[in-house]
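Coordinate inspection notes
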Protein chains: 2
Amino acid sequence: MQDRQRQVITSVEACLTHTLSRFGDSPVAQGMRYATNGGKRIRAVLAMESARLHGIDDAQSVFAGAAIETLHAYSLVHDDLPCMDDDDMRRGQPTVHIKWDEATAVLVGDALQALAFELVASPQTSDDPGVRADLALGLAQAAGGQGMVLGQALDIAAETAASPLTLGQITALQAGKTGALITWAALVGPRMARADQTALKTYADALGLAFQIQDDIIDVTGDAAAAGKAVGKDEAAGKATFVSLLGLGEAKRRAQTLVDQACNALSIYGSEAETLQQLARFVISRQM
Amino acid sequence: MQDRQRQVITSVEACLTHTLSRFGDSPVAQGMRYATNGGKRIRAVLAMESARLHGIDDAQSVFAGAAIETLHAYSLVHDDLPCMDDDDMRRGQPTVHIKWDEATAVLVGDALQALAFELVASPQTSDDPGVRADLALGLAQAAGGQGMVLGQALDIAAETAASPLTLGQITALQAGKTGALITWAALVGPRMARADQTALKTYADALGLAFQIQDDIIDVTGDAAAAGKAVGKDEAAGKATFVSLLGLGEAKRRAQTLVDQACNALSIYGSEAETLQQLARFVISRQM
């Protein structure tokens, strides 16, 4: 997994550097580069491994990989805004609205969202225009008001709700907030090869939920230096999380079970799916 | 033009009502409906008339029309935010962050941008997947950091610039801020019919510039009740505008010349282009 992750990071960063060089040197362009820099690139690994599993070369799948990282970066920039989560640090660096200002952060996020669609819809992504249209449609659905934005809205509503969320409500929240983009990334391969999506969908749904449970675990057990962002925020805010509802031990067990399910779903691909299985295990071992 | 405008308004609103009914009833979904309600629908008229001129039925072009109105609505919601233009009123109603709050306004804008791409990339928009991918690619380029967002960034930079912008700089600013979406809308027809874009590109470039000059004229001569938003803001802020640089008389003459150029560019379409020519004339006669 780590070798592949390094490979993906190198390709995605080369693609983003090349793409963003067209945007000049305004504060918004600088902020776009800054916000897409660094990170674990888990979504890009998912996208490009799912593509490789379907015989698609990195040279083509890198655009989908860069697109999902771009879209993820936009969501972080807006999520960190004072009116949203109000975070000063991200990946160990000042957030965009701290380094520049709020207006720049709004525009950086807006421009990054548009760029994600530009990347998937561009002819480089696939020779098949039907694939490009399908990737764009799927990305719009995953990112929008029935996907990621819905999850964020539910998250904000939860902060002022009279009673803490139930497990079902938190699961629905995470399916939007984290799950939708993870699922889109995992389906890049079958989408690009016009192949069956079933196994990777099962994998992605389990992985997305495990991912969010681990995020909640890190918020309780992690330290800010390792995580590169503030921790302990959910507990301080009295928010219901997988950990507060299940307890730490059961949350860990639940995440492990989900990762096992995710790995089993890929058995039909044989040893070719090893990196994706390692990635699932990495998701619940990470401390950031 | 008015009959056609009413027709377009009816189709686009039916399409948006139907599309947005899927988004539930959260504050974000309510805000999406609220923000896409009303307005002159000039961009949708452009898109659907350009399509009709190329033999494409309203029943298909309405999705592109709804998409450009959705994208325009997102840009207004974010533009009105306190950290951006800080406007309390829009189309005679409280802006989204006043009626709800800033976080909701950020998310409403984000979800509307995604929805615009969902609309153009969806199979209803065209039977030809190449057309859908091309519409999505063009929309992403028009909306993003080399199009509309670039124009907004230049606009913000102008507010703190040491010296007022020159005419060339304001023209570049508007080409992004207003021009890029107007051009995308005007090219919907040739894109959907895979026809030559030259005449409509000339028309749209002139129209976009005339549109912005008229906006500056309204900011000086208009009253807030007719405009449905605050006026006199540019002058109060000491911002350079087409009016401050050219004088009111010359600004009006310049807008008229641009509209004449726009109308002439469509002569190859004969009387079929009458509505688009009327629309160009409407743009410089409007008071809101």
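Thresholds, definitions, all that
- Positions within a chain are numbered from 1, following the residues in the order the chain's sequence is written.
- Chain letters and ligand numbers both follow the written order, the letters beginning at A and the numbers at 1.
- Only residues with pLDDT of at least 70 are given local features in this predicted model, and only at 80 or more are side-chain atom pairs given and counted; all residues enter the totals for whole chains, interfaces and linings.
- Heavy atoms throughout the structure, all of them, feed into the side-chain values; hydrogens and water do not.
- Strands here are runs of E lasting at least two residues and helices are runs of H or I lasting at least four, both read from the DSSP assignment and numbered beginning at the N terminus.
- Accessible area is worked out with a 1.4 Å probe on protein chains only. A residue is then buried under 20% of its type maximum, exposed over 50%, and partly exposed in between.
- Note on contacts: a residue pair is in contact if any heavy atoms of the two residues lie within 4.5 Å.
- With residues, only the protein chains shown are counted as cover, and all accessible areas are computed by Shrake-Rupley using a 1.4 Å probe.
- Least-squares superposition aligns the copies on the C-alpha atoms of those residues with pLDDT at or above 70 in both.
- pLDDT is defined as a per-residue confidence score from the predictor, taking values between 0 and 100.
- Pairing of N or O atoms within 3.5 Å defines a polar contact, subject to two protein rules: one partner must be a possible hydrogen donor and the other a possible acceptor, and residues neighboring in sequence count only if both atoms are side-chain atoms.
- What counts as a ring pair is set by centres within 6.5 Å for rings of Phe, Tyr and Trp (its six-membered ring), and what kind of pair is set by the plane angle: stacked under 30 degrees, edge-to-face over 60, tilted for all other angles.
- Note on terminology: a nonpolar core comprises buried Ala, Val, Leu, Ile, Met, Phe, Trp, Tyr and Cys residues joined through side-chain atoms within 4.5 Å.
- Buried area adds together the accessible area that both of two parts lose upon being put together, with accessible area traced by a 1.4 Å probe.
- Salt bridge criterion: a side-chain nitrogen from Lys or Arg within 4 Å of a carboxyl oxygen from Asp or Glu.
- Orientation is described by lines fitted to C-alpha atoms, with helices fitted over the stretch in contact, and by angles between N-to-C directions that extend from 0 to 180 degrees.
- A clockwise turn of the near helix away from the far one marks a right-handed crossing, whereas an anticlockwise turn of less than a right angle marks a left-handed crossing.
- Residue polarity follows a fixed list, in which Ala, Val, Leu, Ile, Met, Phe, Trp, Tyr, Cys and Pro are nonpolar, Asp, Glu, Lys and Arg are charged, and the others, Gly among them, are polar.
- Should an angle lie under 35 degrees it is considered roughly parallel, over 145 roughly antiparallel, and from 65 to 115 roughly perpendicular; all remaining angles are considered oblique.

For chain A, the helix and strand inventory stands at 16 helices and two strands. Across its three principal directions, the C-alpha atoms of chain A cover 50 × 50 × 35 Å. Counting only residues that meet the buried cut, chain A has 58% of its 288 residues in that class. In chain A, of all internal contacts separated by at least 6 residues, the share reaching a separation of at least 24 is 74%. Total accessible area on chain A stands at roughly 10800 Å², and carbon and sulfur atoms take up 51% of it.

Quick look at the relation of the copies chain A and chain B now. Placing chain A over chain B gives an RMSD of 0.0 Å and needs a rotation angle of 180 degrees, together with 0.0 Å of translation along the axis. Accordingly, the operation relating the two chain copies is best matched by a two-fold axis. In terms of proximity to the rotation axis, the leading residue of chain A is Ala133 of chain A, whose C-alpha is 2.3 Å off the axis. The share of interface residues of chain A whose copies in chain B are also at the interface is 100%, consistent with both copies meeting through the same surface.

All right, on to the confidence of the model for chain A then. Model confidence for chain A is summarised by a mean pLDDT of 94, while 98% of its residues fall at 70 or above. The complex prediction reports pTM at 0.96, with the ipTM value standing at 0.96.

Attention now goes to the environment of Asp205 of chain B. Residues and elements named next belong to chain B. Looking at where Asp205 falls in the secondary structure, it is placed in helix H11 (residues 198-221). Residue Asp205 is classed as partly exposed on the basis of its relative accessible area of 37%. Residues Asp205 and Ala175 lie 30 residues apart in sequence; the distance between their C-alpha atoms is 7.8 Å. Among the polar contacts made by the side chain of Asp205, one reaches the side chain of Thr183 at a distance of 3.4 Å.

Counted under the stated rule, the structure contains three aromatic pairs over all chains. Centre to centre, the rings of Phe117 of chain A and Phe117 of chain B are 4.3 Å apart; their planes meet at 5 degrees, and the pair counts as stacked. One end of the pair, Phe117 of chain A, is in helix H6 (residues 102-121); the other, Phe117 of chain B, is in helix H6 (residues 102-121), on a second chain. Judged by relative accessible area, which is 0%, Phe117 of chain B ranks as buried. Plain terms: the ring middles of Tyr34 of chain B and Trp100 of chain B are 5.2 Å apart, the flat faces sit at 85 degrees to each other, and that makes the pair edge-to-face.

A word on the nonpolar core. Counting 202 residues, the largest nonpolar core has Tyr203 of chain A together with Tyr203 of chain B as its most contacted members. In contact with Tyr203 of chain A, not counting residues within four places along its chain, are Leu46, Ala186, Ala262, Ala265, Leu266, Leu276, Leu279 and Ala280 of chain A.

Here the focus is the interface of chain A and chain B. Counting residues at the interface gives 37 residues for chain A, matched by 37 residues for chain B. Of the roughly 3100 Å² buried where chain A meets chain B, counting both sides, 72% is carbon and sulfur surface. Seen at the junction of chain A and chain B, the total is zero salt bridges. Our count for the contact surface shared by chain A and chain B stands at six residue pairs in polar contact (both at pLDDT 80 or more). Contributions of two or more residues to the side of chain A that touches chain B are made by helix H4 (58-79), H6, helix H7 (129-143) and helix H8 (148-160) of chain A.

Within helix H8 (residues 148-160) of chain B the residues assigned to the buried category are Met148, Val149, Gly151, Gln152, Ala153, Asp155 and Ala158 of chain B. Each element contacted by the buried residues of H8 of chain B is listed here: helix H2 (27-35) and H6 of chain A together with helix H4 (58-79), helix H7 (129-143) and helix H9 (167-186) of chain B.

In this section: the pattern of salt bridges. Residues and elements named next belong to chain A. This structure, assessed with the given rule, holds 40 salt bridges over all chains. Of the charged contacts in the structure, one is a salt bridge between Arg52 and Glu49, with a shortest N-O distance of 2.9 Å. Highlighted residues: Arg52 and Glu49, both in helix H3 (residues 42-52), separated by three residues, approximately one helical turn. By relative accessible area, which is 30% here, Arg52 ends up partly exposed. Look at Glu49 and you get buried, because its relative accessible area is 1%.

Turning next to the environment of Met48 of chain A. All names here are of chain A. One can find Met48 in helix H3. With relative accessibility at 0%, the residue Met48 sits in the buried group. Residues Met48 and Ser61, 13 residues apart in the sequence, show an inter-C-alpha distance of 5.6 Å. Those residues within four positions of Met48 in sequence are excluded, and the remaining contacts are Arg4, Val8, Ser11, Val12, Asp58, Ser61, Val62 and Gly65.

Take unusual backbone geometry next. Where the residue is not glycine, phi is negative for most of them; where a peptide bond is considered, it is trans in most cases. Residue and element names in this part refer to chain A. In the Ramachandran plot, Asp86 falls in the positive-phi region, its phi being about 55 degrees despite a non-glycine side chain. Mapped onto the fold, Asp86 is located in the loop between H4 and strand E1 (89-90). Accessibility expressed as a relative area gives 44% for Asp86, which makes it partly exposed. A positive phi angle, close to 50 degrees, is found at Arg194, a residue other than glycine. Along the polypeptide, Arg194 turns up in the loop between helix H10 (188-193) and helix H11 (198-221). We classify Arg194 as exposed; its relative accessible area is 59%.

In this fold, His78 of chain B is placed in helix H4. The buried category is assigned to His78 of chain B, whose relative accessible area is 1%. Beyond its immediate stretch of four places on either side in the chain, His78 of chain B contacts His78, Val106 and Asp110 of chain A together with Met84, Ala105, Val106, Gly109 and Asp110 of chain B.

With that settled, consider the environment of Thr178 of chain A. Residue and element names in this part refer to chain A. Take Thr178: it is sitting in helix H9 (residues 167-186). The class of Thr178 is buried, set by a relative accessible area of 7%. When the C-alpha atoms of Thr178 and Arg254 are compared, they prove to be 17 Å apart, with 76 residues separating the residues in sequence. Those residues in contact with Thr178 that sit more than four places away from it in its chain are Arg43, Phe211 and Gln212. Of note is the side chain of Thr178, whose polar atom sits 2.5 Å from the side chain of Gln212.

This next bit is on the packing of H8 of chain A against H9 of chain A. Each packed pair of helices is defined by two parameters, the angle between the axes and the distance between the axes. Residue and element names in this part refer to chain A. It is at 7 Å that the axes of H8 and H9 come closest, and there the two elements cross at 145 degrees. By crossing handedness, the relation of H8 to H9 is classed as left-handed. Contacts between H8 and H9 involve Met148, Gly151, Gln152, Leu154 and Asp155 from the former and Leu173, Gly176, Lys177, Ala180 and Leu181 from the latter. Across the contact of H8 with H9, the residue classes break down as five nonpolar, three polar and two charged.

This part is about the packing of H4 of chain B against H6 of chain B. All names here are of chain B. The interhelical angle for the contact between H4 and H6, taken along N-to-C directions, is 160 degrees, at an axis separation of 8 Å. Between H4 and H6, the crossing angle belongs to the class labelled roughly antiparallel. In terms of crossing hand, the pair formed by H4 and H6 is left-handed. Along the contact surface, H4 presents Phe63, Ala64, Ala66, Ala67, Thr70, Leu71, Ala73, Tyr74, Val77 and His78, while H6 presents Ala105, Val106, Val108, Gly109, Asp110, Leu112, Gln113, Leu115, Ala116, Phe117, Leu119 and Val120. A breakdown of the residues in the contact of H4 with H6 according to their chemical character gives 17 nonpolar, four polar and one charged.

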